[in-house]
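# Breakdown of the fold
Letter by letter, the chains look like this.
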Amino acid sequence: MNPKKLIQEFERTFLKMTHTILKVENLHKSYGKIEVIKGINFELKKGETKVIIGPSGTGKSTLLRCINQLDSIDKGQIWLEDIEITQSHADINQIRASIGFVFQSFNLFAHLTALDNVRIGPLRVKEMKEKEATKIAVEELKRVGLEDKKDHYPAQLSGGQQQRVSIARALSMNPKLILFDEPTSALDPELIGEVLEVMINLAKEGTTMIVVTHEMGFACSVANDIIFMDGGIILEEGPPEQIFKNPKHNRTAKFLSKITQLEGDKTK
Amino acid sequence: MNFLEYAWNIFPILLKGALVSIELTLLAISIGLLLGIPLSLGRVYGNKFIYTCTTIYVEAFRGTPVLTQLFILYFGFPSIGIMFPPFTAAVIGLGLNSAAYQAEYFRGAIQAIKGGQMLAARSIGMNTIKSIRYVVLPQMFRLVIPSWSNELILLLKASSIAYMIQVPELVSVGRQIASRNFRTFEIFLIIALIYFIIVEILNKVLHLMERKIKIPGL
Amino acid sequence: MEEKLIDKLLLIGKSIPSLLIGALISIELALAFLGLGFVAGIPLAVGEVYGNKFVRNLVVLPIVEFFRSIPALVLLFLFYFGASYLKLNFSPFIAALLAMGFRSAAYQSQIFRGAIQSIDVGQMLAARSIGMSKFKAIRYIIFPQALRISIPSWSNEYATVLKDTSLVYALGITELMRQGRYIVARTFGNAILVYVVCALIYFVIVHLGVKLLDFLEEKYRLPGYESKKIDTRI
């Protein structure tokens, strides 16, 4: 065995032993000439909730989309458990089926009821039998508190309800982790709470999640780790108490003070 | 004679037919324009009676095939004593037909003009006729250009139907030549090519003109 | 004078059955053309929206441009005489089917293309994000929505194709117009009356069909969806 393969084998075993679900190594991405992600590294363990905060336009959403490969990567490697998903011969559809994604604009399938929206993944991607798929779908809808709306179409649901259905849709695939891309940014203020509640419960139940958000209260209460991203790199990473009370960098402190100015201090 | 030589030979003859097609198209679209505008105004601004009459006209011509309309004019009218020569029947038929479609395009354009325009015209004291003339129509003409250009091309293609009532346009001339030497398929290949070229050129020219007269925001 | 009028009306009355048979043929033709147009139009639309540059510019667009710039009558003759030129044994019906069917395919592909492109890009993203392949995403998510959006414009296409079936008269097929011609010839009758009746029959068939499509549109409409009529002929 050559040395390169040995190192790879070692890495895989190490990741498995430490229950690392996701490992991002030296990620770079450019849009044309502009580099949006300039070398990101982090790890995510099973059951962890990581929250990414930072100024708009600094690549947070792009980072998420790179992880499930809705956006292409220019340089770097990503590992999902012990499989390197950035390899060219990886089955992209299988990978996406193991990663849940919740969009800022919900993107529920407009021609399907809530039940069908949640059911279509298990039914058509995992090719389960209809009975099984329906059972799973109903369970997940129960979990987000919308079992009674299962025959409603997206246009008949409020924004908060739509987003909860889209969380159920992600859950129905039984993913290894779920990515949330600013899940409450497109919602009217009074609807944000119901979505955050679902997300807090998921975190408490041990779901592995990465959440990009501006909701500091949420970050404070459930995050194991907070990442502050600015200018395409991770400026600071640490547990909530550290980031909020003792930020190491000036820019972090500045950003946090701006947010608390606008929305009041939800970290208390 | 191989295909290319043959094409070269019959081209001038076919061209004569093509000219008839073009003449037919231009006359018909002019009739359509002159008749279509009042029809559209009738459908938008007219009282119940005018609205009903114009709607019947438009629905009748849009809901029946051009061929039938041409047959009625050329084969039908003689049975009540009115005989149209082929070209005249074709011009009348295609013209009246085009008027119905153009009426709908103009109506759509008028309705796309924001309601506030008419209100503003009234607010400076214009009566209905003046409002239509100075505010609605100028905008309508600009909005209608894409559909109108399209109508011109559709009419050019429809002129081929005049073959069926013995008008000496392109298809007719083609079949005449074919009746003498039976190279019908090749002739129609050339005819198809001629139509294709004319349509493509017309398209490009009309798009260019569209862009030149564009007003930002309209 | 009275006698003549009654005679004329009786004449018309007697010819209605054969006219209706002709009408039936016209409807059959229209359905056949639309059917082929649908089956061939969908791959064209998918190729134009999702295909690579090669597929789009060298296959789909030339086909669509060809069938859209050439008059229907010329297409009919092209296929009809082309068959004997290439020594293939086509009946006039097959020639008409191919000519008008592919022509409708070109126009229908533009309807579907417009519909697909009007679907929010997030739908495709969401489908991919749960692991659907491009094919599955198109089949289960894009398509059902695109077809619903297409119905209003498709009813335009129905009307046009039905009216264009009159052109197959030129190939000798016995549809409504030719039946009319036979009646005029047989009875030396009032040509204008016969052809006006033909026109009325077309009118009725067109409007019934459009009403049916309107009904379907209502039935399958999704709450929250507004329909837009796309004019194929532009």
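Shown above is the structure to which this text applies.
Residues numbered from 1 in each chain as written. Chains lettered and ligands numbered in written order. Predicted model: local features only at pLDDT ≥ 70, side-chain atom pairs only at ≥ 80, totals over all residues. Heavy atoms only, no water.

## Digging into the overall build of chain A
We count it as follows: Where helices and strands are cited, they refer to DSSP runs of H or I of at least four residues and of E of at least two residues respectively, numbered from the N terminus. Throughout, radius of gyration means the C-alpha value; the globule benchmark is 2.2 Å times the number of residues raised to the power 0.38. Under the scheme applied here, a residue whose accessible area is under 20% of the maximum for its type counts as buried, over 50% as exposed, and between as partly exposed, the area being computed with a 1.4 Å probe on protein chains only. What makes two residues a contact is simply this: any of their non-hydrogen atoms within 4.5 Å. Each accessible area is a Shrake-Rupley result for a 1.4 Å probe, and residues are judged covered by the shown protein chains and nothing else. His is not counted, nor are the chain ends, whereas Lys and Arg count as positive and Asp and Glu as negative. Where a charge sits is defined by one atom per residue type, namely NZ (Lys), CZ (Arg), CG (Asp) or CD (Glu).
Within chain A, the regular secondary structure consists of ten helices and ten strands. Computed over the C-alpha atoms, the radius of gyration of chain A is 19 Å, within 12% of the 18 Å expected from 2.2 N^0.38 for a compact globule of 268 residues. Taking the principal axes of the C-alpha coordinates as reference, chain A spans close to 55 × 50 × 35 Å. Residues classed as buried in chain A amount to 53% of the 268 residues present. For chain A, the proportion of contacts with a sequence separation of at least 24, taken over those separated by at least 6, is 66%. Carbon and sulfur atoms provide 49% of the accessible area of chain A, an area that totals close to 12700 Å². In chain A, 36 side chains carry a positive charge and 36 a negative one; their mean positions are 2 Å apart.

## What about the layout of surface pockets?
How we decide: With a 1 Å grid spanning the protein atoms alone, the term cavity applies to any set of points in which a 1.4 Å probe fits but cannot get out, the term pocket to an open set with protein on both sides within 12 Å along at least five of seven lines, and the term lining residue to any residue with an atom within 4 Å of a point. Grid points are joined across faces, edges and corners, and a volume is the space filled by probe spheres set on the points.
The volume enclosed by the largest pocket comes to roughly 1300 Å³. The wall of the largest pocket is formed by 50 residues, among which R62 and Y101 of chain B together with N156, T160 and K163 of chain C lie closest to the centre. Looking at the lining of the largest pocket element by element, the count peaks at ten residues for helix α4 (residues 86-112) of chain B.

## A look at the environment of L202 of chain B
Secondary-structure assignment places L202 of chain B in helix α9 (residues 184-212). Each C-alpha atom of the pair L202 of chain B and L152 of chain B lies 8.9 Å from the other, and the pair is 50 residues apart in sequence.

## Some points on the interface of chain B and chain C
Using the following cut-off: Throughout, the accessible surface (probe 1.4 Å) given up by two parts as they are put together, summed over both, is called the buried area. The working definition used for a salt bridge is a side-chain nitrogen of Lys or Arg within 4 Å of a carboxyl oxygen of Asp or Glu. Think of a polar contact as two N or O atoms within 3.5 Å of one another; within protein, one of them needs to be a possible hydrogen donor and the other a possible acceptor, and neighboring residues in sequence only count if both atoms come from side chains. Here the nonpolar group is Ala, Val, Leu, Ile, Met, Phe, Trp, Tyr, Cys and Pro; Asp, Glu, Lys and Arg are the charged ones; every other residue, Gly included, is treated as polar.
With 38 residues of chain B in contact, the opposing surface of chain C contributes 34 residues. Of all residues in chain B, F71, K157 and F185 of chain B bury the most surface against chain C, accounting for 18% of the area lost on that side. Seen at the junction of chain B and chain C, the total is zero salt bridges. At the boundary of chain B and chain C, one finds six residue pairs in polar contact (both at pLDDT 80 or more). Looking at the side of chain B that touches chain C, the elements that each hand over two or more residues are α2 (48-62), α3 (66-76), α4, α7 (145-158), α8 (170-181) and α9 of chain B. Looking at the side of chain B that touches chain C element by element, the count peaks at eleven residues for α9 of chain B. Classifying every residue of the side of chain B that touches chain C gives 23 nonpolar, nine polar and six charged.

## A few points about the packing of aromatic side chains
Stated formally: Ring pairs shown here join Phe, Tyr and Trp side chains whose ring centres sit within 6.5 Å, with only the six-membered ring taken for Trp; geometry is labelled stacked below 30 degrees between planes, edge-to-face above 60, and tilted in between. For a Lys NZ or an Arg CZ to count as sitting over a ring, it must be within 6 Å of the ring centre and within 35 degrees of the ring normal.
Under the counting rule described, the total for this entry stands at 19 aromatic pairs over all chains. A centroid spacing of 5.3 Å and a plane angle of 85° characterise the contact between F71 of chain B and Y169 of chain C, whose relative ring orientation is edge-to-face. In this pair, F71 of chain B sits in helix α3 while Y169 of chain C sits in the loop between α6 (134-164) and α7 (176-187), so the two residues belong to two different chains. Comparing F71 of chain B with Y169 of chain C, the two get one shared label, buried. The ring of Y31 of chain A is capped by K29 of chain A, whose NZ or CZ atom sits 4.9 Å from the centre of that ring.

## Here we look at the side chain of Q179 of chain C
Considering the arrangement of structural elements, one finds Q179 of chain C in helix α7. Beyond its immediate stretch of four places on either side in the chain, Q179 of chain C contacts S18, L19, I21, G22 and T174 of chain C.

## Re the pattern of salt bridges
Where charged atoms of side chains with opposite charge meet at close range, the side chains can pair. Going through the model one piece at a time under the given rule, you end up with 25 salt bridges over all chains. Note that R65 of chain A is salt-bridged to D71 of chain A, the shortest N-O span being 3.1 Å. R65 of chain A sits in the partly exposed class, given a relative accessible area of 21%. Taking the shortest distance from any N to any O, the salt bridge between R43 of chain B and E104 of chain B comes out at 2.4 Å. With a gap of 61 residues between them, R43 of chain B in helix α1 (residues 3-45) and E104 of chain B in helix α4 connect regions that are remote in the sequence. Of the two residues, R43 of chain B and E104 of chain B, both sit in the buried class. Counted as one network, the salt bridges with shared partners bring together K23, E25, E43 and K45 of chain A.

## What to know about empty space enclosed by the protein
All names here are of chain C. One pass over the structure, following the stated rule, counts five cavities of 30 Å³ or more. Lining the second largest cavity are I42, A45, V46, F112, I116, F143, A146 and L147. Where the lining of the second largest cavity is concerned, the elements lending two or more residues are α1 (2-50), α4 (92-118) and α6.

## Quick look at the packing of helix α5 (residues 115-123) of chain B against helix α6 (residues 128-143) of chain B
In a pair of packed helices, the angle between the axes and the distance between the axes together describe the arrangement. All names here are of chain B. Stated precisely, the cut-off is as follows: Every axis in this analysis is a line fitted to C-alpha atoms, fitted for helices over the stretch in contact. Angles between the N-to-C directions lie between 0 and 180 degrees. Throughout, the term roughly parallel applies to angles under 35 degrees, roughly antiparallel to angles over 145, roughly perpendicular to angles from 65 to 115, and oblique to all others. It is the rotation of the near helix from the far one that decides the hand of a crossing: anticlockwise by less than a right angle makes it left-handed, clockwise makes it right-handed.
One can describe the packing of α5 onto α6 by two numbers: an axis separation of 10 Å at closest approach and a directional angle of 140°. Relative to α6, the element α5 lies oblique. Handedness of the crossing formed by α5 with α6: right-handed. Facing Q117, M118, A121 and R122 of α5, the residues of α6 in contact are T128, S131, I132, V135, V136 and Q139. Residue classes in the contact of α5 with α6 are distributed as five nonpolar, four polar and one charged.

## Some details on the pairing of strand β3 (residues 49-53) of chain A
All names here are of chain A. Note the following rule: A pair of strands is considered paired only if DSSP assigns at least 2 bridges between the two.
The element β3 is extensively covered by neighbouring structure, given that five of its five residues are classed as buried. What you see with β3 is no split at all: T49, V51 and I53 on one side and K50 and I52 on the other are buried throughout. Across four bridges, β3 lies against strand β8 (residues 209-212) in parallel orientation. Bridge pairing in β8 links I52 to V212. Sheet topology note: the β3/strand β9 (residues 225-230) ladder contains four bridges and is parallel. Following the sheet pairing, I52 is matched in β9 by I227.

## Notes on the interface of chain A and chain C
In this complex, chain A contributes 24 residues to the contact, which on the side of chain C involves 22 residues. With both chains or domains summed, chain A and chain C bury close to 1900 Å², and 66% of this area falls on carbon and sulfur atoms. For chain A, the biggest contributors to the area lost against chain C are F109, H111 and R124 of chain A; these three give 29% of the whole. There are one salt bridge connecting chain A and chain C. Applying the counting rule to chain A against chain C returns nine residue pairs in polar contact (both at pLDDT 80 or more). Residue assignment for the side of chain A that touches chain C shows that the elements contributing at least two residues are α3 (92-98), β6 (99-102) and α4 (114-125) of chain A.

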